[in-house]
Amino acid sequence: MTNKILVINPGSTTTKLAVYLDEKPIFETNIRHESGKLKELGSISGQLEYRRQLVADTLNQNGFELKEFTAIACRGGLIKQMPSGTYRITPSIVHDSEVGVSGQHASNLGALIGHELELETGIPAYIVDPPVVNELSPRAKYSGHPAIERRCVFHALNQKAVARQYAADHGCRYEDLNLLVCHMGGGVSVGAHVKGKVVDTEDAVSGEGPFSPERAGSMPVNGVISLCFSGKYTETEVRDLMTRGSGLLAYTGSNNMRQILAAAESGDEIAVNALDAFYYQVAKEIAAMSVAMNGQVDQIILTGGIANSQVVTGAISAMVDWIAPVSVYPGEDEMLALAKGVLRVLRGEEEAGDYDKVTCSHHL
């Protein structure tokens, strides 16, 4: 039996749609939203009806009817910390997406749109490996003070997808491998995948790991405290500075990796030095994560949009290939990853997770 999967992936200024016949895409589009319209709608949940109607209209304009789909695969958002997997969207997921128990982000809309469409059609809707996947080992949850427990917000969907793809490409089971997966995009996250579980990684949004094109990564604590109490910034401004105004952007004036690489190629010393530090921090994090598997690493995988640059992957590989061989899976195919997650459940290869039984802690 062929499954027809509708895939919905909301972003900050776009909503990506795709239709898959099993693993084969037969339709893909990217609905762009005017920033003024989104600002007018206000909150993330305030955008729900607007985006849901656009999804329905776009499908109708391209000859699809909602009732013809086998299932709906949606990008998950910042809900409570949870194990990896594919989860049927429940009222609890809807509630936690609306209030943003781990933060407000456009990805929270995935479950909300999927739930609305399921209520309308009866077609089952799912989320797959949201960014709050938490499989940390007990020792990795220690932060340095019991008032703060380490949590995960990382590129779980793409990291899991490329790890599974690497295993399939080499005739192995993901659950039998030790992999270090480094995703490099607007943010950077490195996951220690030990026998199918990401036993250590970062909160790549709130300040862990390497700096990225616009995020600060790990910072000296005293310096951050001084910044917070300097009187120059509000709390919101400090948070925005760390997540949208730091990293390569702060050092070079640009968060566009192509532009920064071009500047370095032309001899811009600021760009050269900032990139060298970026490569060093990423490589250092990969090496640190190898401790989670006692140095027994089967493969290092570089992925994400920045991995399209052979200059970047070459520089990082040269610093870490003493640990294990390096493979490059450039870009990120979130739509296919979402479709595959739902297909695994439909084919009986794994059971859908039960969000209501998840006991991982909320954002502290």
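So, here is what we can say about the structure in this document. Along each chain, residues carry numbers from 1 onward, in the same order as the chain's sequence is written. With pLDDT at 70 or above as the cut-off, local features in this predicted model cover only qualifying residues; side-chain atom pairs require 80 or more to be listed or tallied, and sums for whole chains, interfaces and linings still use all residues. To get the side-chain values, take all heavy atoms of the structure and skip hydrogens and water.

### Thoughts on helix 4 (residues 109-121)
In this description a helix means any DSSP run of H or I spanning at least four residues, a strand means any run of E spanning at least two, and both kinds are numbered starting from the N terminus. Under the convention used throughout, the expected extent of a helix is 1.5 Å for every residue step, that is, one less than its residue count. With 13 residues, helix 4 should reach 18 Å at 1.5 Å per residue; the first-to-last C-alpha distance of 18 Å fits that figure. Three labels apply to residues, based on accessible area from a 1.4 Å probe with only protein chains included: buried if under 20% of the type maximum, exposed if over 50%, partly exposed otherwise in between. Within helix 4, burial applies to L109, G110, A111, L112, I113, G114, H115, L117 and E118. Summarising the contacts, the buried residues of helix 4 are in contact with strand 1 (4-10), helix 2 (48-61), strand 4 (71-75), strand 5 (86-88), helix 3 (91-99) and strand 6 (125-128). G122 occupies a position one or two residues after helix 4 and carries a positive phi of about 85 degrees. Any pair of residues with heavy atoms lying within 4.5 Å of one another is described as a contacting pair.

### Details of the packing of helix 10 (residues 269-289) against helix 11 (residues 310-320)
Packing of helix 10 against helix 11 brings their axes to within 9 Å, and their N-to-C directions diverge by 45 degrees. With respect to helix 11, the element helix 10 is oriented oblique. You can see that helix 10 and helix 11 cross each other, and the crossing is right-handed. For the pair helix 10 and helix 11, contact is made by F278, Y279, Y280, V282, A283 and I286 and by V311, V312, A315, I316, M319 and V320, respectively. Its residues assigned to classes, the contact of helix 10 with helix 11 comprises 12 nonpolar, no polar and no charged. Lines fitted to the C-alpha atoms define the axes, with helices restricted to the stretch that makes contact. Angles between their N-to-C directions range from 0 to 180 degrees. Reported orientations rely on four angle classes, namely roughly parallel under 35 degrees, roughly antiparallel over 145, roughly perpendicular from 65 to 115, and oblique for the rest. Less than a right angle of anticlockwise turn of the near helix away from the far helix marks a crossing as left-handed, whereas a clockwise turn marks it as right-handed. Each residue gets one of three labels, nonpolar for Ala, Val, Leu, Ile, Met, Phe, Trp, Tyr, Cys and Pro, charged for Asp, Glu, Lys and Arg, and polar for the others, Gly among them.

### As for the side chain of R151
Structurally, R151 can be placed in the loop between strand 8 (148-149) and helix 5 (156-169). Taking the relative accessible area as the measure of exposure, R151 reaches 11% and is therefore buried. Here a polar contact means two N or O atoms within 3.5 Å. Within protein one must be a hydrogen donor candidate and the other an acceptor candidate, and residues neighboring in sequence count only if both atoms are side-chain atoms. A distance of 2.7 Å separates the side chain of R151 from the side chain of D203, its partner in a polar contact.

### Details of the sheet that holds strand 5
Being paired, for any two strands, means DSSP has found at least two bridges between them. Strand order in the open sheet formed by six strands is 3-2-1-4-6-5, with mixed pairing between adjacent strands. Lying at the two open borders of the sheet, with one neighbouring strand each, are strand 3 (24-32) and strand 5. Between one strand and the next, the sheet's axes are offset by a mean angle of 25 degrees, whatever the strand orientation. Note: strand 4 against strand 6, four bridges, orientation parallel.

### A closer look at the layout of surface pockets
Put simply, the grid is 1 Å and covers the protein atoms alone, a cavity is a trapped set of points that fit a 1.4 Å probe, a pocket is an open set with protein on both sides within 12 Å along at least five of seven lines, and lining residues have an atom within 4 Å of a point. Grid points are joined across faces, edges and corners, and a volume is the space filled by probe spheres set on the points. If you add up the space inside the second largest pocket, you get close to 400 Å³. Lining the second largest pocket are 24 residues, with A161, R164, Q165, A337 and K340 positioned closest to its centre. If you tally residues by element for the lining of the second largest pocket, the top one is helix 5, at eight residues. Class assignment of the residues belonging to the lining of the second largest pocket gives a composition of 10 nonpolar, four polar and 10 charged.

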